[in-house]
Amino acid sequence: MGFARTCSVALVGVEGVVVEVQADLEPGVAAFTLVGLPDKSLTESRDRVRAAVVNSGGEWPQKKLTVGLSPASVPKAGSGFDLAVACAVLGAAERIDPRVLAEIVMIGELGLDGRVRPVRGILPAVLAAADAGYEQVVVPESAAAEAALVPGVSVLGVRSLRQLIAVLTDEPVPEEEPDGQGRPDPLLAGLRVPGAGAATGMDGGGAQQPEHDLADVVGQTSARTAVEVAAAGGHHLFLEGPPGAGKTMLAERLPAVLPPLTRQESLEVTAVHSVAGLLPPGKPLVQVAPYCAPHHSATMQSLVGGGPGVARPGAVSLAHRGVLFLDEAPEFHGQTLDALRQPLESGHVVIARSAGVVRYPARFLMVLAANPCPCGRFSQRDSLCDCPPSAIRRYQARLSGPMLDRVDLRVEVDPVTRAQLTAPGARGESSAAVAGRVRAARERAAARLAGTPWSTNSEVPGRELRSRFHAAAGAMDEAERSLERGVLTARGVDRVLRVAWTVADLVGHDRPDAGDVRLALQLRTGIPRGAPMALGALA
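Read on for an overview of the structure. (Residues numbered from 1 in each chain as written. Predicted model: local features only at pLDDT ≥ 70, side-chain atom pairs only at ≥ 80, totals over all residues. Heavy atoms only, no water.)

Some points on the packing of helix α9 (residues 221–233) against helix α19 (residues 431–448)
To describe two helices that pack against each other, one gives the angle between their axes and the distance between the axes. Here is the rule we go by: Structural elements are reduced to axes, namely lines fitted to C-alpha atoms, with helices fitted over the stretch in contact, and the angle between N-to-C directions of any two is expressed from 0 to 180 degrees. Each helix is a run of DSSP H or I of at least 4 residues and each strand a run of E of at least 2, with the numbering of both proceeding from the N terminus. What sets the label is the angle itself: under 35 degrees gives roughly parallel, over 145 gives roughly antiparallel, 65 to 115 gives roughly perpendicular, and the rest give oblique. Crossings are assigned a handedness: left-handed for a near helix turned anticlockwise from the far helix by less than a right angle, right-handed for a clockwise turn. Residues are treated as being in contact if the distance between any of their heavy atoms lies within 4.5 Å. Note on residue classes: Ala, Val, Leu, Ile, Met, Phe, Trp, Tyr, Cys and Pro are nonpolar, Asp, Glu, Lys and Arg are charged, and everything else, Gly too, is polar.
It is the contact of α9 with α19, at a shortest axis distance of 8 Å, that shows an interaxial angle of 40°. As the angle between them shows, α9 and α19 are arranged oblique. Taken as a pair, α9 and α19 cross one another with a handedness that is right-handed. Contacts from Glu228, Ala231 and Ala232 in α9 reach Val434, Arg437, Val438, Ala441 and Arg442 in α19. Across the contact of α9 with α19, the residue classes break down as five nonpolar, no polar and three charged.

Section: the pattern of salt bridges
Counted only if it meets this: Each reported salt bridge corresponds to a side-chain nitrogen of Lys or Arg within 4 Å of a carboxyl oxygen of Asp or Glu. Three labels apply to residues, based on accessible area from a 1.4 Å probe with only protein chains included: buried if under 20% of the type maximum, exposed if over 50%, partly exposed otherwise in between.
In total, this model carries 26 salt bridges according to the counting rule given. Across the salt bridge formed by Arg377 and Asp386, the nearest N and O atoms sit 2.9 Å from each other. Since its relative accessible area comes to 40%, Arg377 is described here as partly exposed. Taking relative accessible area as the criterion, Asp386 reaches 62% and is therefore assigned exposed. Across the pair Arg495 and Asp408 runs a salt bridge, and its minimum N-O distance is 2.6 Å. Placement of Arg495 in helix α22 (residues 490–507) and of Asp408 in the loop between α17 (401–405) and β18 (409–412) is noted, with a sequence separation of 87 residues between them. Each of the two residues, Arg495 as well as Asp408, counts as buried. The structure contains a network of salt bridges with shared partners spanning Glu345, Asp405, Arg406, Asp408, Arg491, Arg495 and Arg524.

Topic: the sheet that holds strand β14 (residues 323–326)
Worth spelling out the cut-off: At least two DSSP bridges between two strands are needed for those strands to be called paired.
Taken in spatial order, the five strands of this open sheet run β11-β14-β17-β10-β18, and their pairing is parallel. Of all the strands in the sheet, just β11 (291–292) and β18 have a single pairing partner and so form its edges. Where strand β10 (residues 237–240) and β18 come together, four bridges link them in parallel fashion. Pairing of Leu237 across the sheet is with Leu409, part of β18.

Following this line, the structure appears as structure tokens:
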């Protein structure tokens, strides 16, 4: 009887569980049994592994073979266990020393010819292995750069099963024939889900387009100030205005204003994108804030996450640490929008399915854009709108009160006038200049919040704001009067204080004064209160 074991990783969302892959050979009729809650793609690994071993020059044992995946109570999905199963079988057949395999984690899919193909979720799988105390990991060669992002782990990238067998048995490592020139590497196909980028409204690396500069936006002083405040404090933003006023332009330029991701944030974002199959080849680490803009016909599952079997990450998770832009927000289904309430508060999504419970991170900056009415021309200043009042009320009511109560900033984007569009020197500040102020404001907030679990003003709970981070004496009087009149809710008062702290960080005040709170009230309610919209006037 022969026995060998090695390890692999089962992913549940972006969290991994180290799975021990055991192989047992006994005399009897040749058979291959795989146990331990495998899914369909994992069950099919029996044929893939057998063909890969034979085509790699190995001899398949003609005995009763049982492969167990432990712990058996954890569901296993995907083809990433192929490499571990093949090596465990070869260890039980004494082709490889079983003692060499015991402390190695192996992740990868096998082709019938023995080539090792990449799978999604390499980074979270290696992170789980490192947390469990394993120091050696074997992954496909094309995914080795992604696995190497985890510190303290020795990564071996292999292109074929033949190479891995040679390394483990101290034999000369064979050279693999290069693929045909001028064609994409077929081994990289497992890193991406076909069509996933187009379905989520993202580009390949989750980065904003480099030509998007805030200087391209003409006029719109109020909206530009709101974008700067949103970036500095991580506040959600609602832009309302007629078609062509620049709402989409402002949202597309918001990621360029956000600070670069920290190392920890980059790993979080990369892990989600790796599981979703959105990491482009050659770019294993996402270092800029992602931007996700789903179409208004998106379903609840595509926004929040879900799907058959184990739930996949949705747009809110793909926008983690970045921007989620919902253009034409009233055209989204009401239940779909209301499903965002919990992620907006908690910063994560918990999806319960029959196959298990999955938790995905979802701390994003949401930007809503909407027309004021179905025709888009309704305004308090003129009478160009042809919509009846009942149609306007129905259209604006599609965004529920509880949903809008979670949005910190509400700004009306006015149409650009001819004078603004044709004036010489109409270009405003560039994204680089605004990003510098945003970065300085974030540093002030981080210094104030040092020693707490929060890093931005939008994350601080209301009770902590009221007890530890007070505004200047008398600064909140106008906000408290708005609470008494019913203009603001209790949550709204807390959000006004959060925005006031962000304004104070941008203009360099030690704590919010009455002018900062007045501007925060104006940004929060959308009601003019005489506050100057240019931040320089408050400094």
